[in-house]
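Results of the structural survey
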Amino acid sequence: MAASSAQAMEAALAFASPPGPVQTLPRSAEGQLRRGFLRGRAAAADSSGKPSHGTACALVGAAAAAASVSHRRSSRLSFRRAAEDDLDLGLAPELVVKVPGYDKRKTGILLLNIGTPASTSVDDVREYLDKFLADDRVIEIQPALLKWLILQGLLISRPKSSAENYKKIWDPVRGSPLLFHSQDLAKALQEAMGDQFLVRIGMQYSAPTVDDSLKELAEAGVDNVVLVPMFPHYASGTTGSCLAGAYRTAAELYCTPFLSVLPPFYGHRLYVQAMRQNIQAVIGPKGQDVDHTLFSFHGLPEEQCSRTDTTGTVCNKSPNCCAQLTIANRNCYRAQCFETARLLAHELGLDEGKWSIGFQSRLTLRGAIQWIKPYTDEAFVELAKRGVRKLAVAAPSFTADCVETLEELGITGREEFAEAGGEEIVLVPCLNSSDYWVSNLDKILREFMAESAGRALQMESSELIPKDDGKSMVPDKEVGVST
């Protein structure tokens with residue numbers, strides 16, 4: 001029986017060894033098999049104390065199988081380590097392929113924005129406006145012939161005046177504020193996120209384009225890309241247009257990248273916190289350093305808000321249609337802007353009547369398009385007439401300073417307010433690449449990626465972020481200049 005047991009042991013060792021040239025089992029696997037054999041022989045002893053040969057062999061087989069599994073696991077780990085190093089294909093000494101481990105592949109972060117003229121020349125401004133205004137998501141006019149005629153008229157008159165406005169805010173060294181603030185943010189975010197990520201910017205109508213940036217990421221070996229529209233609120237002409245362009249580019253690549261999209265963050269607590277810190281530095285605690293705070297958002301045609309309401313029962317159906325976010329108006333730009341304003345007023349501790357909302361940058365187009373109200377330029381006049389002397393203006397829909405904030409609000413807006421009897425406009429800078437915005441955007445992105453992967457975000461208790469349950473923390477009300 002002893003000889004039979006020894007033979008069974010040797011057979012088990014042979015069974016557990018891999019096929020091919022003679023190889024030695026890892027010590028851990030051989031030890032596991034021997035221990036299993038000894039336990040099997042002890043357990044298989046009959047009532048007379050003698051081991052049952054058949055049962056013992058069965059147990060040896062089980063131990064051998066277990067050892068084989070252990071060996072295969074060891075082999076897989078060895079292959080994985082080899083894959084992360086140089087993998088010699090055996091064709092020639094110089095043919096060595098570098099295969100990165102799956103967990104070591106980088107993720108692309110693409111910060112999306114509309115764009116900016118290449119310079120302040122009339123020709124460059126005209127080229128930019130032609131691309132921008134021709135986008136059907138920006139200006140929706142039917143029939144197409146009518147839109148073309150209106151666009152030609154705009155491209156005759158508007159580029160010269162727009163070029164003058166850009167000259168007022170153009171940096172003599174760095175050029176377009178929107179571009180260099182975006183570059184600064186990308187650089188700071190890259191440092192914050194680390195080498196596991198590649199952060200790039202992509203503009204819809206100017207360089208560096210979304211098309212070029214996606215191709216650059218692909219050439220760098222990046223397959224997973226997070227698209228980050230730098231617009232807190234959803235609008236077809238901003239977020240929608242940038243995403244549509246990115247999707248088209250991705251579809252044209254032979255190896256299509258795997259895209260995910262950061263949703264609008266107008267109510268995200270980290271965005272609200274960054275905005276609160278930004279605004280409070282200008283207006284003081286509870287706005288005590290100014291008479292009134294105006295939240296100015298970029299304007300939008302009313303039709304673009306109405307079309308987001310698939311029920312047709314909320315948007316633009318009542319004077320207070322944006323007083324509360326619902327399923328029907330969840331994608332309505334105006335409703336999201338009112339939600340942001342309510343949250344900011346609450347976080348800043350602003351009393352009722354000490355803050356209001358306006359929408360800027362509208363194109364009149366001879367009354368062909370109705371834009372969302374109230375208007376920021378009219379708010380300047382109305383507030384001055386009501387006795388507001390020192391007015392703070394914040395622009396929550398812009399994450400980077402640009403011609404709309406620096407010129408339209410900071411220069412033209414000051415003139416309009418002064419002409420109406422006001423004394424001073426204090427312009428709150430955009431978030432740009434401030435340390436707290438870089439830190440919070442980093443956290444927003446990591447939280448989003450963790451949730452997308454189906455993992456709970458693990459954070460220290462001191463860094464725990466309260467989750468937004470989708471409900472406003474402040475009373476539902478719509479606030480305009482008349483408040």
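Here, the structure is the one placed above.
Please read these numbers as outputs of a predicted model, since none were measured by experiment.

Bringing the overall build of the protein chain into the picture now. The number of helices and strands found in the protein chain is 14 helices and ten strands. Sorting the 483 residues of the protein chain into buried and exposed places 46% on the buried side. Considering only residue pairs separated by 6 or more positions, the protein chain has 73% of its internal contacts joining residues 24 or more positions apart. With the model as given, the accessible surface of the protein chain reaches about 24,800 Å², and the carbon-plus-sulfur share is 52%.

Turning our eyes to something else, we now look at the sheet that holds strand 9 (residues 390–394). Read across the open sheet, the four strands follow the order 8-7-9-10; overall the sheet is parallel. At either end of the open sheet lies a strand with only one pairing partner, and these are strand 8 (355–360) and strand 10 (424–427). Going across the sheet, the axis of each strand differs from the next one's by a mean of 30°, ignoring polarity. Relative to strand 10, strand 9 runs parallel, the two sharing four bridges. Across the sheet, residue V393 finds its bridge partner in strand 10, namely L427. Helix-sheet contacts for helix 13 (residues 403–419) involve strand 7 (292–298), strand 8, strand 9 and strand 10, and the interaxial angle to strand 10 is about 165°.

Turning next to unusual backbone geometry. The amide bond that connects Q142 to the next residue, P143, takes the cis arrangement and shows omega of 0°. Locating P143 in the fold gives a position in the loop between helix 4 (122–134) and helix 5 (144–169). At the junction of K373 and P374, the peptide bond is cis and its omega measures out at 0° in the coordinates. If you trace the backbone, P374 turns up in the loop between strand 8 and helix 12 (376–385). Notably, K286 is not glycine yet its phi reads approximately 55°, a positive angle. Tracing the chain through its elements places K286 in the loop between helix 9 (269–283) and strand 7. Even without glycine at this site, N316 takes up a positive phi of about 60°. Looking at the secondary structure, you find N316 in the loop between helix 10 (302–306) and helix 11 (333–348).

By the definition in use, this model includes four cavities of 30 Å³ or more. What lines the largest cavity is simply L111, L112, N113, H181, S182, L185, I201, M203, M230, T399, A400 and N432. Its residues assigned to classes, the lining of the largest cavity shows seven nonpolar, five polar and no charged.

Side chains carrying opposite charge are able to pair once their charged atoms draw close together. Under the definition given, this model contains 14 salt bridges. Via salt bridges that share partners, R269, R276 and E347 belong to a single interconnected network.

Maximal helix bending in helix 13 amounts to about 40°, located at G413. In this structure, the buried side of helix 13 is in contact with helix 5, strand 7, strand 8, helix 12, strand 9 and strand 10. At the C-terminal side of helix 13, G421 shows a positive phi close to 110°.

Of all seven residues in strand 7, six are buried, a share of seventy percent or more. When strand 7 meets strand 9, the two strands line up parallel, connected through four bridges. The residue bridging F295 from the neighbouring strand is A394, located in strand 9. With six bridges joining them, strand 7 and strand 8 adopt parallel strand pairing. Within strand 8, the position partnered with F295 by the bridge is I357.

Calculation rules
Residues numbered from 1 in each chain as written. Predicted model: local features only at pLDDT ≥ 70, side-chain atom pairs only at ≥ 80, totals over all residues. Heavy atoms only, no water. Helix = DSSP H or I, 4+ residues; strand = E, 2+ residues; numbered from the N terminus. Buried < 20%, exposed > 50% of the residue type's maximum accessible area, 1.4 Å probe, protein only. Contact = heavy atoms within 4.5 Å. Areas by Shrake-Rupley, 256 points an atom, 1.4 Å probe, with all protein chains shown as cover. Pairing = 2+ DSSP bridges. Axes fitted to C-alpha atoms, helices over the stretch in contact; angles between N-to-C directions. 1 Å grid on protein atoms, 1.4 Å probe; cavity = no way out; pocket = protein on both sides within 12 Å on 5 of 7 lines; lining within 4 Å. Points joined across faces, edges and corners; volume = space filled by probe spheres on them. Nonpolar A, V, L, I, M, F, W, Y, C, P; charged D, E, K, R; others polar. Salt bridge = Lys/Arg side-chain N within 4 Å of Asp/Glu carboxyl O. Bend = angle between axes of the 7 residues up to and from the residue.

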